[in-house]
Amino acid sequence: MGSSAVVVGGGIGGLAAALGLRRIGWEVTVVERAPVLDDAGAGISLHANGIRALDALGVGAAVRAAARPQYVGGTRTPDGRRLARMDGVALERELGTPIVGIPRAALHRVLREALPAESLLIGAEVTSVDRTDPARVRIPVGETVLDADLVVAADGINSRLRGRLFPGHPGPAYSGSTVLRAITEHPVALRTDFELTWGPGAEFGHIAFTDGRAEWHAVLNSPAGVRFPDPLAEMRRRFADWHDPIPALLDATRPEAVLHHDINELAIPLPAYAVGRIALLGDAAHAMTPNLGQGACQALEDAATLAAALATEPGVEAALTRYDAERRPRSQSVARAARQAGRMGQQLTHPVALALRNTALRLAPPRATVRTILRHADWTPPRLP
């Protein structure tokens, strides 16, 4: 009988983990508590490290076909003045791929459709695991019990399994910022593939997609839990005097399409990403702020690294020891860098600090932006069989 795994969570990280495990010959069941996989969400940027992980998992070509390369873009001030330029051509020259933009639903769909339908158990919830037997894990799912050699906890930032494994850990913390985002209903004329605009305590950005539509996001300094009766009207008010194409992006959006979430993170790092035969992956292990666009990419790295460790190490325990050793330092370093990027970017409010930052960005050589991206995106996955 072959090795078997249960992946808890059917998001990007969980589906990617399932693909990696199947690629090395494991039997996999993905358990997702949502009753329908409706491919919800807004947009996402994938850096070279995420694309390389997808290549290792066997779906890189399909994702590229659904994504739009981000060659032209950068950072501006609310009045439209340029702070920094992103050179997608230089990134492609260095890494073999530019950053690409893709609707989160399209990425999710590519991953899901690469798995056999019978491996997806939808509308079921895992709240605990039985680790009494050191050689197997028993997973109660409704009225049935699944037995597996491995459990992958990819159940998100509010992971119940993480809480079971690390009851003393405080869990996610509010970052101080909240985000509103949406995908436009119809194409918008854009001069850039990707752009960020930084004002005092606020950021507005967009990602262009292959069909001409775009995702926009607005990140605001805010107390946790604040919600607006009409989120789109509030965005029009908050960004009324910001440069084009921000008004056009908001005008192209249906009010009901706007999503609003507080940005939480695991500010206190976990002491381990594996306990026994349970591996933590993605946001369950290292939820981070979105300031570097690395959250999903780090989950994809997790998936490729986990599969490679299981394929080459003599047993599950040894593989998870290697997985923890390879993934925890890197992902936690990226999380720290993302937090710092937010503090120096969108979260700044003091006029002197804003002026100093903006001056430093304008004076930095064009190569500086590329170097900043390379610092986190230049990662090569371990080889899978």
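Anyway, here's the lowdown on the structure attached to this text. It should be emphasised that the depicted structure is a prediction, and the values quoted were computed from it without experimental measurement.

1. Comments concerning the overall build of the protein
Right, so step 1: Assigned secondary structure in the protein consists of 13 helices and 18 strands.
Right, so step 2: In terms of overall size, the protein behaves like a compact globule, its C-alpha atoms giving a radius of gyration of 21 Å where 385 residues would be expected to give roughly 21 Å.
Right, so step 3: Counting only C-alpha atoms, the protein reaches 65 × 45 × 40 Å along its principal axes.
Right, so step 4: Put simply, the protein has 385 residues, and 56% of those count as buried.
Right, so step 5: At a minimum sequence separation of 6, the contacts of the protein that also span at least 24 residues come to 74%.
Right, so step 6: As displayed, the protein has an accessible area near 16300 Å², and 53% of this comes from carbon and sulfur atoms.

2. Digging into the pairing of strand β5 (residues 72-76)
One face of the sheet, then the other: side chains in a regular strand alternate in exactly this way.
Right, so step 1: For β5, a buried count of four out of five residues is recorded, marking the element as mostly surrounded by other parts of the structure.
Right, so step 2: Pairing between β5 and strand β6 (residues 82-87): five bridges, direction antiparallel. Along β6, the bridge assignment pairs V72 with D87.
Right, so step 3: Hairpin connection of β5 to β6: five residues between the antiparallel strands, including G80 at a positive phi of 100°.
Right, so step 4: Pairing of β5 with strand β13 (residues 194-199) involves four bridges; the strand directions are parallel. Paired with R76 across the two strands is T197, which belongs to β13.

3. Comments concerning the environment of L354
Right, so step 1: Its place among the elements puts L354 in helix α12 (residues 351-363).
Right, so step 2: The class of L354 is buried, set by a relative accessible area of 11%.
Right, so step 3: Separated by ten residues in sequence, L354 and M344 have C-alpha atoms that sit 8.7 Å apart.
Right, so step 4: The residues touching L354, leaving out its near neighbours within four places in the chain, are G199, P200, L348 and T349.

4. Considerations on the sheet that holds strand β7 (residues 100-103)
Right, so step 1: Pairing is antiparallel in the open sheet, where three strands are placed in the order β3-β7-β4. Here the strands that pair on one side only, and so sit at the sheet edges, are β3 (43-46) and β4 (68-69).
Right, so step 2: Of the pairings in the sheet, the one linking β4 to β7 comprises two bridges and is antiparallel in character. Of the residues in β7, the one forming a bridge with R68 is G101.
Right, so step 3: In this fold helix α5 (residues 104-113) packs onto β3 and β7, with an angle of close to 80° to the strand it touches most, β7.

5. A short note on the pairing of β7
Right, so step 1: Residues of β7 alternate between two faces, with V100 and I102 on one and G101 and P103 on the opposite face, all of them buried.
Right, so step 2: In the sheet, β3 pairs with β7 via four bridges, with the strands oriented antiparallel. Following the sheet pairing, S45 is matched in β7 by G101.

6. Quick look at unusual backbone geometry
Right, so step 1: Here the bond from D244 into P245 is cis, since omega is 10°, no more than 30 degrees from zero.
Right, so step 2: Tracing the backbone shows P245 in the loop between α7 (231-238) and α8 (246-251).

7. Side note on the nonpolar core
Right, so step 1: With 76 residues, the main nonpolar core has L21, W26, L46, L54, L107, L150 and L310 as its most contacted residues.
Right, so step 2: The element contributing the most residues to this core is helix α10 (residues 295-312), with ten residues.
Right, so step 3: In contact with L21, other than residues within four places in its own chain, are A5, V7, W26, V28, L150, V152, A307 and L310.
Right, so step 4: A202, W216, L220 and M235 belong to the second largest nonpolar core, which has 22 residues in total.

8. Some words on the packing of helix α1 (residues 12-23) against α5
Right, so step 1: The interhelical angle for the contact between α1 and α5, taken along N-to-C directions, is 25°, at an axis separation of 9 Å. Taken together, the axes of α1 and α5 lie roughly parallel to each other. Crossing angle aside, the handedness with which α1 passes α5 is left-handed. In this structure, α1 contributes I12, L15 and L19 to the contact, and α5 contributes R104, L107, H108, L111 and R112.
Right, so step 2: Residues of the contact of α1 with α5, tallied by class, amount to five nonpolar, one polar and two charged.

9. Here we look at the packing of aromatic side chains
Right, so step 1: Applying the stated criterion to the full structure yields three aromatic pairs.
Right, so step 2: Three or more aromatic residues joined by ring pairs form one cluster here, namely F204, W216, F239 and W242.

10. Describing the side chain of S222
Right, so step 1: Within the element layout of this structure, S222 appears in the loop between β15 (214-221) and α7.
Right, so step 2: Assessed through its relative accessible area of 15%, S222 is described here as buried.
Right, so step 3: Beyond its immediate chain neighbours, meaning those up to four positions away, S222 contacts Y174, G176 and T178.

11. Description of the sheet that holds strand β8 (residues 120-122)
Right, so step 1: Reading across the sheet, the six strands line up as β8-β2-β1-β11-β18-β17 and stay open at both edges, with mixed pairing between neighbours. In this open sheet, the two edge strands, each paired with only one partner strand, are β8 and β17 (274-275).
Right, so step 2: For strand β1 (residues 4-8) and strand β11 (residues 150-153), the ladder comprises four bridges, and the chain directions are parallel. When the sheet's bridge partners are listed, V7 is paired in β11 with V152.
Right, so step 3: Where α1 meets the sheet, it contacts β1, β2 (27-32), β8 and β11, and its direction lies at approximately 170° from that of β2.

The rules behind the values
Residues numbered from 1 in each chain as written. Predicted model: local features only at pLDDT ≥ 70, side-chain atom pairs only at ≥ 80, totals over all residues. Heavy atoms only, no water. Helix = DSSP H or I, 4+ residues; strand = E, 2+ residues; numbered from the N terminus. Rg over C-alpha atoms; globule rule 2.2 N^0.38 Å. Buried < 20%, exposed > 50% of the residue type's maximum accessible area, 1.4 Å probe, protein only. Contact = heavy atoms within 4.5 Å. Areas by Shrake-Rupley, 256 points an atom, 1.4 Å probe, with all protein chains shown as cover. Pairing = 2+ DSSP bridges. Axes fitted to C-alpha atoms, helices over the stretch in contact; angles between N-to-C directions. Core = buried A, V, L, I, M, F, W, Y, C linked by side-chain atoms within 4.5 Å. Parallel < 35°, antiparallel > 145°, perpendicular 65-115°, else oblique. Left-handed = near helix turned anticlockwise from the far one by under 90°. Nonpolar A, V, L, I, M, F, W, Y, C, P; charged D, E, K, R; others polar. Phe/Tyr/Trp six-rings, centres within 6.5 Å; stacked < 30°, edge-to-face > 60°.

Spatial relationships are all this shows, so hold off on functional conclusions.
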